Every structure is written in structure tokens, then in C-alpha cells.
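Structure at a glance
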Amino acid sequence: MTDPAPAPATGSETAPHPLRAVVLAGGLNVEREVSLSSGTQVAEELTRAGVEAELRDADAGLLPGLAAAPADAVFIALHGATGEDGALRAVLDLAGVPYVGSPAAACRLAWDKPAAKSVVRSAGVTTPDWVALPHSTFRELGAGAVLDLIVARLGLPLMVKPASGGSALGVQKVSRVEDLPAAMVSCFAYGDTVMVERFVGGVELALSVVDLGEGPEALPAVEIAPESGVFDYTSRYTPGLTEYHSPARVSDEVARRAAELAVRVHRVLGLADLSRTDAIVSPDGEVHFLEVNVSPGLTRTSMFPMAVEASGSSLGDVLARLLTRRAATTRRRRTPSSP
């Protein structure tokens with residue numbers, strides 16, 4: 001990727017005003033602190049890149065604030081449902097506020113992990129077998145009988161995770177049948193539907209994708225090596241429990257196929273601007289899709305910034321280019337026509 005070109009002047013004597021961005025971070029969910037870290041980092045990077053950036057929460061003051069002082073574009077650094085299930089983006093669409101990131105409908109699809117897996121599998125992407133069931137199914141049909149069928153179908157070990165959500169909250173690896181009921185109960189604390197997935201061992205990769213105007217492009221893969229063997233919430237956010245390698249320590253052929261998978265996922269799910277796909281490379285070299293994140297972490301230790309750095313680019317420049325593209329239509333709409 002190349003550095004962004006300077007913004008063109010609007011006239012021979014008048015320099016363009018700096019872009020004004022509102023960075024949304026925080027929210028009212030368990031990922032609030034991570035989101036605030038991402039938002040702070042984004043605002044700092046944009047400021048260094050020459051953008052006037054204001055950090056705001058997604059609260060009752062957001063829409064009146066945007067109406068009173070319109071931004072050229074919004075950068076969504078919210079994690080969890082607030083920033084990823086599409087609802088906020090639908091409201092921004094109603095208000096005519098441009099934003100960096102995927103459209104509301106694509107976010108709703110990506111947020112639903114079983115639905116996203118179905119779509120990418122239909123597009124020829126390899127993904128571990130799974131079953132997703134609501135809490136009511138276990139209550140009405142009997143947990144024991146249903147769990148027996150799941151184990152018979154998928155085998156052991158298994159990954160148990162909420163059907164929606166981020167930061168690996170509620171995610172557990174289950175190797176023994178007797179541990180499955182407790183894992184399910186724990187998982188239901190984060191949502192009404194649980195997804196049970198066949199465990200695939202191997203090298204875990206974070207595959208970031210960015211579109212700066214010439215189509216989605218995969219950045220160098222980041223290899224995730226958790227000490228526990230499972231990249232759960234504790235492994236993500238406890239210093240020293242996970243090693244990261246960027247670029248990943250995989251062959252050129254595996255890196256190429258992983259990049260192709262990430263771009264394909266980005267396209268078939270209708271995503272825009274940026275995304276991060278999580279995948280596993282099994283010992284036979286097959287790359288398996290796990291899930292996709294439409295609002296990847298952007299803290300100093302997050303994997304998207306690691307991938308940008310490995311590509312030889314500046315995070316601030318990349319974020320500013322994404323913002324500039326989304327702000328272009330707003331600026332054209334606000335600029336008076338020449339006489």
C-alpha cells in the first residue's frame with residue numbers, strides 16, 4: 001500500500017479544510033473497555049495523519065451532536081453488538097451520516113456466526129462442521145439427549161461459543177463429554193443461542209483485509225500462539241499468555257491461500273473497507289474459516305495494526321485513507337456548485 005496523496009485544493013487560493021471525523025467508542029456492553037482503547041488509538045492516529053478527530057460514545061447525545069456539528073465521516077471503533085450487529089449503522093444511514101466500515105445488512109450477517117459460516121461454505125470456503133441451537137431446544141427436548149446427538153455427530157474435542165459476540169467471550173474448548181453441559185451453561189450467559197463447532201487443531205491466523213479504493217486486499221497474516229492452546233478471552237487480554245508473529249510462520253503457499261480466503265470471505269459477505277477473518281491452518285495445510293469481525297480491534301496490541309505494520313504502511317495513513325473515501329460524498333454535497 002502507498003501513502004495517501006494530499007487532499008486536492010478546492011480552489012486556486014483556498015486550501016481545503018482538514019477532514020473532521022467522529023470516532024465512536026465505548027458502548028454499554030462487556031467489550032466497552034477494549035472499544036475505548038481502540039477508539040483512543042484511532043483518534044490519535046487520525047490526528048497524527050492530519051485529521052481533526054473527536055472521540056465520542058454512542059449515547060443519547062450522539063445524533064443531536066452530529067446534527068449540530070456534522071462530521072465529514074464517522075469511524076466506528078465500537079466492539080460487540082453496539083458496533084457490529086448493524087443496528088447503529090442502520091441509524092447512521094437514516095441520518096445520512098457516512099461511516100467507515102461495512103453496511104448494516106452485511107454486519108447483521110457477519111454478526112451471526114452460524115449464518116456467516118453457511119454463506120462462506122456455500123461459496124466454497126472450508127469451515128469446521130457445526131450446529132447452532134437456542135436455549136429453548138435444550139429446555140424442551142432435554143439437554144442430555146441433545147448433547148449426546150451433538151457429540152455423536154461432531155465428535156470430540158469441540159469448541160463451544162456464543163452464536164454472536166466478540167473478544168472470545170464464552171468460548172471454551174471441550175475435550176470430555178462430562179464437561180460439555182457446564183460449558184453450554186457458561187456460554188448461554190452471553191446469548192440465547194450457542195454454536196458447537198468441531199475443534200480443528202493447528203496454526204491460528206488473523207487475516208486482515210483493507211479496501212483503499214482498488215478492491216479488498218489481504219494484509220500479511222498474523223500468527224496467534226496462545227500458551228494454553230486456545231485463544232480465549234484470557235489469552236487475548238492477559239499480557240504474556242499469547243505470542244504473535246507477523247508475518248505468520250507459514251509457507252508462502254499457505255499464506256497465499258489464507259489471503260485468498262480472507263478476501264473471498266470479505267466479498268461474499270458484502271463487507272466494506274476493513275475486516276479481520278480468523279482462521280486455522282490444520283496440519284495438512286488446509287485453511288479453515290472460523291469467523292469474521294467487521295470492527296476489528298485497533299489498540300496498540302491488536303492484530304489489525306500488526307498486519308498494517310507488517311505490510312510496511314502506517315496505521316494512521318491507512319485509517320485516514322479509509323475516512324477520506326467515505327467523507328468524499330459528504331464534502332461534495334456540502335461544497336457549493338461553481339457559478
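Residues numbered from 1 in each chain as written. Predicted model: local features only at pLDDT ≥ 70, side-chain atom pairs only at ≥ 80, totals over all residues. Heavy atoms only, no water.

In the nomenclature of an unreviewed UniProt entry, the chain corresponds to D-alanine--D-alanine ligase from the organism Geodermatophilus obscurus. The record held by UniProt for the chain lists under Function (unreviewed entry) the comment "Cell wall formation." On record in UniProt, under Subcellular location (unreviewed entry), the comment for the chain is "Cytoplasm". (UniProt positions renumbered as here; feature names shortened; annotations may be inferred.)

Ranked by internal contacts, the top residues of the largest apolar core, which has 32 residues, are Leu-46, Phe-75, Phe-304 and Leu-323. Within the residue set of this core, elements represented by two or more residues are β1 (20-24), α1 (32-48), β3 (73-76), β9 (203-210), β11 (222-226), α12 (303-310) and α13 (315-334). Broken down by element, this core gets its largest block of residues, seven residues, from α13. Residue assignment places this core across two domains, with domain 1 (20-101 + 319-334) and domain 2 (109-126 + 200-294) each supplying three or more. For Phe-304, the residues in contact, after removing those within four places along its chain, are Ser-208, Val-209, Val-210, Leu-219, Leu-274, Ser-275, Pro-296, Gly-297, Leu-298 and Leu-315. Core analysis: the next-biggest nonpolar cluster, separate from the first, contains 25 residues, Ala-110, Val-125, Ala-279 and Phe-289 among them. (Core = buried A, V, L, I, M, F, W, Y, C linked by side-chain atoms within 4.5 Å. Buried < 20%, exposed > 50% of the residue type's maximum accessible area, 1.4 Å probe, protein only. Helix = DSSP H or I, 4+ residues; strand = E, 2+ residues; numbered from the N terminus. Domains from an automatic or database assignment. Contact = heavy atoms within 4.5 Å.)

In this section: the side chain of His-266. Mapped onto the elements of the fold, His-266 is located in helix α11 (residues 252-268). At 2.8 Å, the side chain of His-266 and the side chain of Ser-275 are in polar contact. (Polar contact = N/O pair within 3.5 Å; in protein donor to acceptor, adjacent residues only side chain to side chain.)

Take the UniProt feature "binding site: Mg(2+) 2" (unreviewed entry) in the chain next. Mapped onto this numbering, the UniProt entry annotates "binding site: Mg(2+) 2" (unreviewed entry) at Glu-291 and Asn-293. Mapped onto the elements of the fold, Glu-291 is located in strand β14 (residues 287-293). Of the residues examined, Glu-291 reaches a relative accessible area of 18% and is grouped as buried. Excluding residues that lie within four positions of it along the chain, Glu-291 makes contacts with Lys-113, Lys-161, Gly-165, Arg-276, Thr-277 and Asp-278. Take Asn-293: it is sitting in strand β14. With sequence-adjacent residues up to four places away left out, Asn-293 is seen in contact with Glu-84, Ser-275 and Arg-276.

Moving on, we come to the environment of Ala-279. Here Ala-279 is to be found in strand β13 (residues 274-281). A sequence separation of 72 residues divides Ala-279 from Leu-207, and the C-alpha atoms of the two residues are 7.5 Å apart. Once you skip the residues sitting within four places of it in the chain, Ala-279 turns out to touch Val-203, Glu-204, Leu-205, Leu-207, Val-287, His-288 and Leu-290.

What follows is about unusual backbone geometry. Along the chain, Leu-156 connects to Pro-157 via a cis peptide bond; the corresponding omega equals -5°. Here Pro-157 shows up in the loop between α8 (143-154) and β6 (158-162). Here the bond from Ser-246 into Pro-247 is cis, since omega is 5°, no more than 30 degrees from zero. Considering the arrangement of structural elements, one finds Pro-247 in the loop between β12 (242-245) and α11.

With that settled, consider the environment of Arg-300. By secondary structure assignment, the location of Arg-300 is in the loop between β14 and α12. With relative accessibility at 62%, the residue Arg-300 sits in the exposed group. Residues Arg-300 and Val-222, 78 residues apart in the sequence, show an inter-C-alpha distance of 14 Å. Sequence-distant contacts of Arg-300, defined by excluding residues within four places in its chain, comprise Gln-41 and Glu-44. For Arg-300, the side chain forms a polar contact with the side chain of Glu-44, separated by 3.2 Å.

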